[in-house]
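Observations on chain architecture
Here is how the chains run, residue by residue.
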Amino acid sequence: MADLVYINSIARSLENSLLGSEKITRMVFADSYEDGMKVLAESGFGGGMTDGGHEAMIAAEDDKLSRFMSEVNFGHGIDSFGVRGDYHNAKVFAKSKYARIDDVSAMLAPAGKQNISELKDKIFKDDYSSLPKLMADALKDIDVAFASGKRSPKYIDERLDKAMYADALDIARKGKSDSIIKYWQIEIDYANVSDYLRCKFAGKSLSYMKSGLIEGGSIDKDIFADMYDEPEDAFIDKMKFTCVADGIAEFAGGNRSFARLEACKDNAQLNIFKRDRYDMFGVAPVAGYYIAKKTELKAVRMIAVLLKINADKSLIKERLREFYA
């Protein structure tokens, strides 16, 4: 418990390095992309060096966050956050293996629990014996599918995404952290809602939509299949008392904005830990800092891209999340 209190103390101190609403707002209303980069540099974001543009600064911050999480990993389900990067990299390497592309370094995420070069080597050699079982099973299924002529990047994404969420939930449950379990369930529920809406609006078949649904959320995934031919109002009413209620309401009440749906998801996840950020005997300080930092990186990338194309400020504000600090 002493280690937990110590690590939480470090996480609380790192909150001071978050950009926060004041600096993010300054960036939003910057007159140009270059002025937005100056706001970041003055805050020490990415080491304060703007030569490589916003992506280099984000990568530096993401690497720093990844190292921190690796160093302080004390279980309690916290290590479930690391699987996202590992499964993302597995998807990149699986696709590059079949497309015969060797250099995919620009597409990789910081490592979670798997060494990146070792993961690449294992995937290219079809040697999955030392990988997590759920990841290994997914990669084997992908090999079988591609060998049979079903060469679909969509299948790679769907199969590894399903394995990733199952793996993350398993780690969270073993860590006996209700808050982290809830975090992943919200992630799954919003992913299923987004899949449902995108497929419905694009006129995709029921079987196409069902292929992307993920197990493990708080909303039974069969509901999405049952409601697929129902009017939109009926679906919205069905979601009224679920964790996606706010996101669905904003989506339906606005201009069918998936950006707002994603923002509501991020807000709901952040609020799980925001309430308990002062509890030094739980996981909230570390988990809250991690999620807040990831949310910040997402916001910085979005704002920088829209500043670069001189987008209307309303487009930026539509995509903003709540802030932790």
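Summarised in this report is the structure supplied together with it. (Residues numbered from 1 in each chain as written. Predicted model: local features only at pLDDT ≥ 70, side-chain atom pairs only at ≥ 80, totals over all residues. Heavy atoms only, no water.)

**A few points about the overall build of the protein**
The helix and strand tally for the protein stands at 16 helices and zero strands. Residues classed as buried in the protein amount to 47% of the 325 residues present. Sequence separation of 24 or more characterises 65% of the internal contacts of the protein that already satisfy a separation of 6 or more. (Helix = DSSP H or I, 4+ residues; strand = E, 2+ residues; numbered from the N terminus. Buried < 20%, exposed > 50% of the residue type's maximum accessible area, 1.4 Å probe, protein only. Contact = heavy atoms within 4.5 Å.)

**Focus: the packing of helix H9 (residues 178-202) against helix H13 (residues 245-253)**
Relative orientation of the contacting elements H9 and H13 amounts to 25°, with a least axis distance of 11 Å. The angle between the axes of H9 and H13 places the two elements in the roughly parallel class. Viewed along their axes, H9 and H13 form a crossing whose handedness is right-handed. In this structure, H9 uses Tyr190, Val193, Leu197 and Phe201 to contact H13, whose residues at the interface are Gly247, Ile248 and Phe251. (Axes fitted to C-alpha atoms, helices over the stretch in contact; angles between N-to-C directions. Parallel < 35°, antiparallel > 145°, perpendicular 65-115°, else oblique. Left-handed = near helix turned anticlockwise from the far one by under 90°.)

**What about the nonpolar core?**
Proteins that are soluble and globular tend to have nonpolar side chains buried together. With 71 residues, the main nonpolar core has Phe81, Leu160, Trp184, Val193, Phe235 and Phe273 as its most contacted residues. Broken down by element, this core gets its largest block of residues, eleven residues, from H9. (Core = buried A, V, L, I, M, F, W, Y, C linked by side-chain atoms within 4.5 Å.)

**Looking at the environment of Asp79**
Structurally, Asp79 is set in the loop between helix H4 (53-72) and helix H5 (83-99). Asp79 sits in the buried class, given a relative accessible area of 18%. A C-alpha to C-alpha distance of 8.0 Å links Asp79 and Met69, two positions ten residues apart in sequence.

**Focus on unusual backbone geometry**
Not every positive phi belongs to a glycine, and Arg100 is a case in point at roughly 60°. Within the element layout of this structure, Arg100 appears in the loop between H5 and helix H6 (116-124). Assessed through its relative accessible area of 76%, Arg100 is described here as exposed. Backbone geometry places Lys176, a non-glycine residue, at a positive phi of 55°. Among the residues examined, Lys176 registers a relative accessible area of 74% and is labelled exposed.

**Concerning the layout of surface pockets**
One number sums up the size of the second largest pocket: a volume of about 200 Å³. Lining the second largest pocket we find 14 residues, and of these Leu14, Ser17, Glu61, Lys64 and Tyr289 sit closest to its centre. When contributions to the lining of the second largest pocket are tallied by element, the ones reaching two or more residues are H4 and helix H15 (284-308). Per element, the largest residue contribution to the lining of the second largest pocket is six residues, and it comes from H4. For the lining of the second largest pocket, a count of residues per class yields six nonpolar, three polar and five charged. (1 Å grid on protein atoms, 1.4 Å probe; cavity = no way out; pocket = protein on both sides within 12 Å on 5 of 7 lines; lining within 4 Å. Points joined across faces, edges and corners; volume = space filled by probe spheres on them. Nonpolar A, V, L, I, M, F, W, Y, C, P; charged D, E, K, R; others polar.)

**Comments concerning the environment of Met164**
By the secondary structure assignment, Met164 is in helix H8 (residues 153-174). A relative accessible area of 5% means that Met164 is categorised as buried.

**Structural notes on H15**
Helical periodicity: at 3.6 residues per turn, an α-helix aligns residues three or four positions apart in one direction. Relative to the 36 Å expected for 25 residues at 1.5 Å per residue, H15 spans 35 Å between its end C-alpha atoms, a close match to the ideal helical length. Across the 25 residues that make up H15, a large majority, 20, are buried. Residue Asn310 follows H15 closely and has a positive phi angle near 60°. (Expected span 1.5 Å × (residues − 1).)

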